[in-house]
Amino acid sequence: MASAPEAEDRPDAEDTAETEETTYEEVMPCNKMELSQRLAVEELITTEASYVHNIQLCVSDIRAHLQKKQLPDLDLEGLFSNTDDILHVSIRFLKCLEATATQEHEQLLCISTVFQEFKEEMETVYKIYCASYEHALLLVESYRKDPRLQEEILETLNATVPHTGASDLSFFLVMPVQRVTKYPLLLGKILENTPTSASAYPALQAAVRAMSQVNANINEYKRRREVATKYNKAEHLTLRDRFARLNTHSIAKKTTRLSRLFMHEAGIVPKTEDREYDDLEEKFQCVVSSVAVLKENLASYLGHLEAFLLPTPHKCELQINEGPAQQYRRFAEYLHCTVFPEFKQRLDRLVCQPLCSLSDMLVGPQQLVKKRLDKLLDYEEIQERKSEMGSVTYDEEAAMNTYLAINALLVAELPRFNQAALQLLGQIVCSLSTLQRDLAAQILHQAEKELEQMPHGRMPLPSFWKMVEDTLQQSGAQLRTFCQTFETVTPSPVTQQPLNPAEERKVLSLVSKHGPDKLYQVTSNISGSKDLDLTLQRGQIVALLQSVDTKGNTSRWLVDAGGPRGFVPAGKLQPYCPVQSQQPGMQMPTLESSTERRRHSYASPEAPRPQVATFTPAFQVVAGFSFAARSPQEVSLQAGQPVVVLEPHDKKGSKEWSLVDVNGQRGYVPSSYLVTVPVQEPTGWSLPV
């Protein structure tokens with residue numbers, strides 16, 4: 001009887017054991033998931049701390065060490081990009097993650113909140129770095145090919161971070177790219193080990209989606225930047241290169257775009273309107289126009305200022321050692337040698353160089369704006385085709401995506417670019433205004449100092465102008481007296497003398513070489529005192545070669561004296577026009593009075609040439625050879641036939657052909673077929689009165 005209850009109790013014991021085993025199996029997975037979750041959180045925080053430490057080494061040690069070397073061929077900005085911004089954001093982000101450790105039960109929720117708070121900042125700094133990462137790798141690759149730079153980089157790595165074993169900068173440069181792509185994975189690992197019933201599960205899901213979206217936005221921004229980099233480069237192609245690019249496809253594409261543009265202007269098809277972009281482009285074009293106008297005005301301003309300071313009395317020997325003239329000479333020397341060079345140097349450094357840099361910055365966006373218009377025309381054409389046919393090719397889809405990428409990039413970047421360009425332009429204008437004020441103040445200060453030393457510096461203005469007027473009248477009277485005295489001592493003008501046969505041959509030789517309008521007559525004896533100067537007798541005939549000497553002095557002319565060539569004073573030459581002896585019925589030019597002739601004899605070298613006389617010239621042009629016309633524009637000649645030269649060149653300015661009149665017929669003949677000969681008259685040559 002006693003054994004029956006024992007038998008009945010045995011199944012109950014077995015059930016209890018099975019229940020305990022099931023409970024243990026359920027508790028073990030929960031503890032394992034919680035452990036994995038805790039390890040994933042620790043991995044997130046510890047790897048973030050290690051990442052921040054490496055970025056700090058990259059910025060404070062490696063980059064600083066390379067900066068001290070001052071290697072001219074090392075582009076540190078291109079290598080490290082905006083690493084400082086990434087470090088600043090990452091340090092704050094790490095502090096917030098570490099602070100979540102104090103929230104035991106709410107740590108996962110706090111971590112999710114931290115990622116949500118930092119997602120915009122992370123996207124901003126990491127998209128810039130990732131977009132320039134390819135360029136940094138190209139720089140690293142180029143430095144590998146330079147033994148000197150590679151040696152300096154390895155020496156820096158061994159001196160600053162020997163424990164890392166890094167053999168290249170790419171070891172550190174890739175870290176930000178790897179880190180931003182790892183955030184969704186780390187969050188996903190935490191999410192996998194979080195029960196769906198946990199209160200933090202939805203927040204973790206939102207954090208994973210947020211960081212995945214950040215990476216997607218970074219990739220899209222990088223793609224847009226690659227498209228922009230492809231199209232915003234200004235290409236300087238020769239005409240041959242442009243023709244080499246032409247093919248059937250490119251010609252068809254340009255024709256389609258041009259047709260589409262004409263249809264827009266004619267109102268046949270509507271334009272794709274984008275108010276936001278249109279406003280941004282208008283502001284951008286305004287900046288471009290302002291920069292171009294400022295560059296032109298600045299060049300004009302410098303030219304006018306330099307022309308204003310062009311007179312250099314300090315370089316002339318005034319033979320006055322004191323008085324106002326000497327003071328003005330000293331003041332002009334101060335302006336030329338001190339004030340203007342300093343102003344020009346400051347203007348170049350503070351205005352011209354920044355303005356040129358700003359102008360260069362505008363080239364890329366200008367190219368992108370032009371390319372957007374081309375792609376917009378393609379986009380509209382493809383959209384019409386898509387609406388008609390229902391589908392497009394792969395290349396057409398790529399063209400549409402290219403337009404969307406360029407448009408999105410411009411809409412995102414132009415506001416910041418316009419703002420930065422306007423700020424820089426405003427600073428340049430302010431610098432220009434400040435420099436002008438400083439220049440005016442400096443000149444005024446120096447002028448006041450010089451004015452105080454002048455005897456009339458404190459004289460009232462009306463009295464000063466009265467003194468100036470009296471002084472000018474007195475000087476005018478002295479000048480008239482001098483002219484009258486000068487007329488009495490000036491040698492008599494060259495009188496007309498017959499030329500002997502030798503002189504006639506020399507004159508004919510000069511005329512055949514240089515033409516009759518280049519002949520000049522010596523008005524008084526010239527004695528050469530310098531190298532290359534000629535000694536000539538009064539009345540001698542010469543031909544003008546150049547109205548300036550080798551130093552730019554217009555008072556010394558280079559002449560041909562019928563054999564020797566050299567320089568003579570321009571004031572001792574007067575134009576020579578050979579004339580014939582007066583014959584009955586022939587009109588002679590009215591002779592000037594002796595006073596006028598003397599004045600003309602000593603006129604400035606720039607004096608106008610005398611008017612052509614109405615008498616028959618002493619020379620005439622004849623055909624040296626026969627010529628047969630080959631077109632309606634030409635005229636035939638016979639050897640020895642007189643001609644009248646109407647124009648010594650053709651319509652294009654070429655002197656190989658001359659327009660002539662032959663017996664009333666006009667046409668072109670070769671200039672080499674024409675010769676100048678003296679008129680065969682019984683009277684000989686004579687000098688002008």
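Here the residue numbering is sequential within each chain, running from 1 through the sequence in written order. Given that this is a predicted model, residues contribute local features only at a pLDDT of at least 70 and side-chain atom pairs are listed and counted only at 80 or more, while totals for whole chains, interfaces and linings are drawn from all residues. Think of the side-chain values as coming from all heavy atoms in the structure, minus any hydrogens and water.

- Going by what an unreviewed UniProt entry lists, the protein chain is known as Rho guanine nucleotide exchange factor 37 and is assigned to Athene cunicularia.

Side note on the packing of helix α12 (residues 324-361) against helix α13 (residues 363-389)
Here's step 1: Only the stretch in contact is used when fitting a helix axis, every axis being a line fitted to C-alpha atoms; angles between N-to-C directions are given from 0 to 180 degrees. Strands here are runs of E lasting at least two residues and helices are runs of H or I lasting at least four, both read from the DSSP assignment and numbered beginning at the N terminus. Where α12 meets α13, the closest approach of the two axes is 4 Å, and the angle between their N-to-C directions is 25°. One finds that α12 runs roughly parallel with respect to α13. Mapping the contact onto sequence places S359, D360 and M361 in α12 and V363, G364 and P365 in α13.
Here's step 2: Three residue categories are used. Nonpolar comprises Ala, Val, Leu, Ile, Met, Phe, Trp, Tyr, Cys and Pro, charged comprises Asp, Glu, Lys and Arg, and polar comprises the others, including Gly. Taken together, the residues of the contact of α12 with α13 sort by class into three nonpolar, two polar and one charged. Note on angle classes: values under 35 degrees are labelled roughly parallel, values over 145 roughly antiparallel, values of 65 to 115 roughly perpendicular, and the remainder oblique. Any pair of residues with heavy atoms lying within 4.5 Å of one another is described as a contacting pair.

Thoughts on the sheet that holds strand β2 (residues 541-546)
Here's step 1: The strand order across the open sheet built from five strands is β4-β3-β2-β1-β5, with neighbouring strands paired in antiparallel fashion. Looking at strand neighbours, the two that pair on one side only are β4 (565-569) and β5 (573-575), the edges of this open sheet. For this sheet, the mean inter-axis angle between neighbouring strands, taken without regard to orientation, is 50°.
Here's step 2: Bridge analysis of strand β1 (residues 519-522) against β5 gives three bridges, and the strand direction is antiparallel. The residue bridging Q521 from the neighbouring strand is Q574, located in β5.
Here's step 3: Along the sheet, helix α16 (residues 501-514) makes contact with β1, β2, β3 (556-560) and β4, crossing β2 at roughly 20°. At least two bridges found by DSSP between two strands is the condition for calling them paired.

Some points on the confidence of the model for the protein chain
Here's step 1: Averaged over all residues, the pLDDT of the protein chain is 80; the fraction at 70 or higher stands at 81%.
Here's step 2: Confidence per residue, as judged by the predictor, is encoded in pLDDT with a range of 0 to 100. Per-residue pLDDT, averaged within each element of the protein chain, yields its smallest value for helix α17 (residues 594-601) (40) and its largest for helix α3 (residues 83-99) (93).
Here's step 3: With pLDDT under 50 throughout, residues 20-27 is counted as low confidence; its partners more than four residues away or in other chains account for zero contacts.
Here's step 4: When the criterion is pLDDT under 50, residues 580-617 qualifies, and its contacts beyond four places in sequence or with other chains add up to 46 contacts.

Brief notes about helix α4 (residues 107-144)
Here's step 1: The length a helix should cover is 1.5 Å for every residue beyond the first. When the terminal C-alpha atoms of α4 are compared, their 46 Å separation across 38 residues is substantially less than the 56 Å that a helix rising 1.5 Å per residue should span.
Here's step 2: Here the bend at a residue means the angle between the axes of two seven-residue stretches, the one that ends at it and the one that starts at it. Most pronounced at F118, the bend in α4 amounts to some 45°.

Remarks on the pattern of salt bridges
Here's step 1: In the sections that follow, a salt bridge refers to a side-chain nitrogen of Lys or Arg positioned within 4 Å of a carboxyl oxygen of Asp or Glu. Counted under the stated rule, the structure contains 21 salt bridges.
Here's step 2: A salt bridge links E220 to R223; the nearest nitrogen and oxygen atoms lie 2.8 Å apart. Of this pair, E220 and R223 both sit in helix α8 (residues 201-231), three residues apart, which is roughly one turn of that helix.
Here's step 3: Under the relative-accessibility criterion, R223 is labelled partly exposed at 32%.
Here's step 4: Note that R666 is salt-bridged to D661, the shortest N-O span being 3.8 Å.
Here's step 5: One network of salt bridges, with partners in common, ties together K69, E152 and E155. Residue burial is assigned from relative accessible area. The probe radius is 1.4 Å, only protein chains are included, and a residue is buried under 20% of its type maximum, exposed over 50%, and partly exposed in between.

Quick look at the side chain of R179
Here's step 1: Along the chain, R179 turns up in helix α7 (residues 175-192).
Here's step 2: On the accessibility criterion, R179 (5% relative accessible area) is buried.
Here's step 3: In contact with R179, not counting residues within four places along its chain, are L44, T47, E48, Y51, Y126 and L186.

Let's talk about the packing of aromatic side chains
Here's step 1: The rule is short: rings of Phe, Tyr and Trp, with Trp giving its six-membered ring, pair when the centres are within 6.5 Å, and they are stacked under 30 degrees, edge-to-face over 60, tilted in between. In total, this model carries 14 aromatic pairs according to the counting rule given.
Here's step 2: Ring centres of F171 and F172 lie 5.0 Å apart, and the angle between their planes is 80°; on these two criteria the pair is classed as edge-to-face.
Here's step 3: Where Y520 meets W557, the ring centres are 5.4 Å apart and the plane angle is 80°; that geometry is what we call edge-to-face. Of this pair, Y520 sits in strand β1 while W557 sits in strand β3, placing them 37 residues apart in sequence.

A word on the packing of α13 against helix α14 (residues 394-453)
Here's step 1: Two elements in contact, α13 and α14, have axes separated by 8 Å at closest approach and are oriented at 140°. When the axis of α13 is compared with that of α14, the two are oblique. With respect to the hand of their crossing, α13 and α14 are arranged in left-handed fashion. Here P365, L368, V369, K371, R372, K375, L376, Y379, I382, Q383 and R385 of α13 lie close against α14, whose contacting residues are E396, A399, M400, T402, Y403, L404, I406, N407, L409, L410 and F417.
Here's step 2: Residues that form the contact of α13 with α14 fall into these classes: 14 nonpolar, three polar and five charged. For a crossing to be left-handed, the near helix must be turned anticlockwise from the far one by less than a right angle; the clockwise case is right-handed.

A few points about the side chain of R63
Here's step 1: On the secondary structure map, R63 appears in helix α1 (residues 3-69).
Here's step 2: Filtering out sequence-adjacent residues up to four positions away, R63 remains in contact with C58, L76, F80 and D84.

Quick word on unusual backbone geometry
In terms of backbone geometry, most residues other than glycine have negative phi values and most peptide bonds are trans.
Here's step 1: The backbone phi angle of Q70 is positive, close to 55°, even though this residue is not glycine.
Here's step 2: Structurally, Q70 can be placed in the loop between α1 and α2 (76-80).
Here's step 3: Given a relative accessible area of 66%, Q70 falls into the exposed group.
Here's step 4: Notably, N663 is not glycine yet its phi reads approximately 55°, a positive angle.

Some remarks on the environment of L409
Here's step 1: Tracing the sequence through the fold places L409 in helix α14.
Here's step 2: Judged by its relative accessible area of 4%, L409 is buried.
Here's step 3: Placed 181 residues apart in sequence, L409 and A228 show a C-alpha to C-alpha distance of 7.9 Å.
Here's step 4: When residues no more than four places from it in sequence are discounted, the contact partners of L409 are Y221, R224, R225, A228, L368 and L414.

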